[in-house]
Amino acid sequence: MYDNILCDLEEGIFTITINRESTYNSLSTNTKVEIAEAFQKADLQDDVKVIIITGAGNKSFCSGQDLAESQELNKEEAENWINEFDYLYRVIRKVKKPIIAAVNGYATGSGLQLALLADIRITSDTAKYGMTEINVGLPCVIGSTMFWEVMGKSRTIDLILTGRLLDAKEAERYGLVTRIVPADDLTNASKTLARELAEMPPTAVSINKRRFNQLSEHEFNSCMNYAVEAHTIGYSSGEPQAKMLEFFEKRKVKQES
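Computed from a prediction, not measured in an experiment: that's the story for all the values here. (Residues numbered from 1 in each chain as written. Predicted model: local features only at pLDDT ≥ 70, side-chain atom pairs only at ≥ 80, totals over all residues. Heavy atoms only, no water.)

J.: Please set out a nonpolar patch on the surface residue by residue, giving values where relevant.
T.: Taken together, Ile134, Trp148, Ile157 and Leu161 make up a surface patch of nonpolar side chains, about 390 Å² in accessible area. Take Ile157: it is sitting in helix H6 (residues 153-162). The exposure class of Ile157 is partly exposed, given its relative accessible area of 38%. (Patch = residues over 30% accessible without salt bridge, like charges linked within 9 Å, V, L, I, M, F, W, Y side chains within 5 Å. Areas by Shrake-Rupley, 256 points an atom, 1.4 Å probe, with all protein chains shown as cover. Salt bridge = Lys/Arg side-chain N within 4 Å of Asp/Glu carboxyl O. Helix = DSSP H or I, 4+ residues; strand = E, 2+ residues; numbered from the N terminus. Buried < 20%, exposed > 50% of the residue type's maximum accessible area, 1.4 Å probe, protein only.)

Structure (structure tokens):
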């Protein structure tokens, strides 16, 4: 049914698995479209009670934007690129059913943003977290906004400007996740939580979720508007293109050594 994701429905639990292990489950344009469609369909199905999103394999939940695509962008294409994320994120924010992010590995950049759009994040004890955009020359407008809401000014600035990674325990301490389990237990723990949420009254759940989104709607709209300007300026400078080329050259050397 899909080229980049797997979907499974069992006992009212709809699981979306980003299935691009060779790219650490990165978000290509088509992947974003498929994830949005899967969320929309799941939200409309009466037999779906809870949605889980996770990544294939045990190395990465989602590594964020597919750099093979974004290194080819220019300032004229920045707006369309941001609009892809705007559409995907708004689709997820509108889902009435509970969403669990089962974070099984690296959650970085827009991959971490994807996890933060879930209602509850349950993490493998081996997972890593970070808004790493600055390492490839990209401003982190959407991620900064999400981080600010979760962890406040000081920690947001530290993590955005350094691009450093957090382990699962640090992520819990910073409020990015609320539950840590051993890597081998992640699937079972996620499904146990999903079954618990499936028993909750759906109208009350959806009303609560609507209010959660209302509390952040103004800042979400503001960051999406500014993201277009920010990335247009960034790509005009040539920094992202140069840093991504450097990234791929380093990767090639590492693979060949």
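J.: Which residues make up helix H9 (residues 202-237), and what are the values?
T.: With 36 residues, H9 should cover 52 Å at 1.5 Å per step; its first-to-last C-alpha distance of 48 Å lies within 8% of that length. Taken as a whole, H9 carries its principal kink of about 55° at Ser216. Downstream of H9 by one or two residues, Gly238 has phi in the positive range, about 85°. (Expected span 1.5 Å × (residues − 1). Bend = angle between axes of the 7 residues up to and from the residue.)

J.: Give a detailed account of helix H5 (residues 141-151), specifying residues and quantitative values.
T.: All buried positions along H5 are accounted for by Val141, Ile142, Gly143, Met146, Phe147 and Met151. On its buried face, H5 is in contact with helix H3 (78-94), helix H4 (110-116), H6 and H9. Just downstream of H5 lies Gly152, where phi reads positive at about 85°. (Contact = heavy atoms within 4.5 Å.)

J.: Could you give me a rundown of the environment of Phe14, with the residues and numbers involved?
T.: Turning to its location among the elements, Phe14 is positioned in strand E2 (residues 13-18). Sequence-distant contacts of Phe14, that is, excluding residues within four places in its chain, are made with Cys7, Asp8, Leu9, Ala38, Ala42, Gln45, Val48, Val50, Ile51 and Ile52.

J.: Talk me through the pairing of strand E1 (residues 5-10); I want residue IDs and the actual numbers.
T.: Two strands pair when backbone bridges link them, and E1 and E2 are joined in this way by six bridges, in the antiparallel orientation. The residue of E2 that forms the bridge with Asp8 is Thr15. Two successive antiparallel strands, E1 and E2, enclose a turn made up of two residues, where Glu11 displays a positive phi of approximately 55°. (Pairing = 2+ DSSP bridges.)

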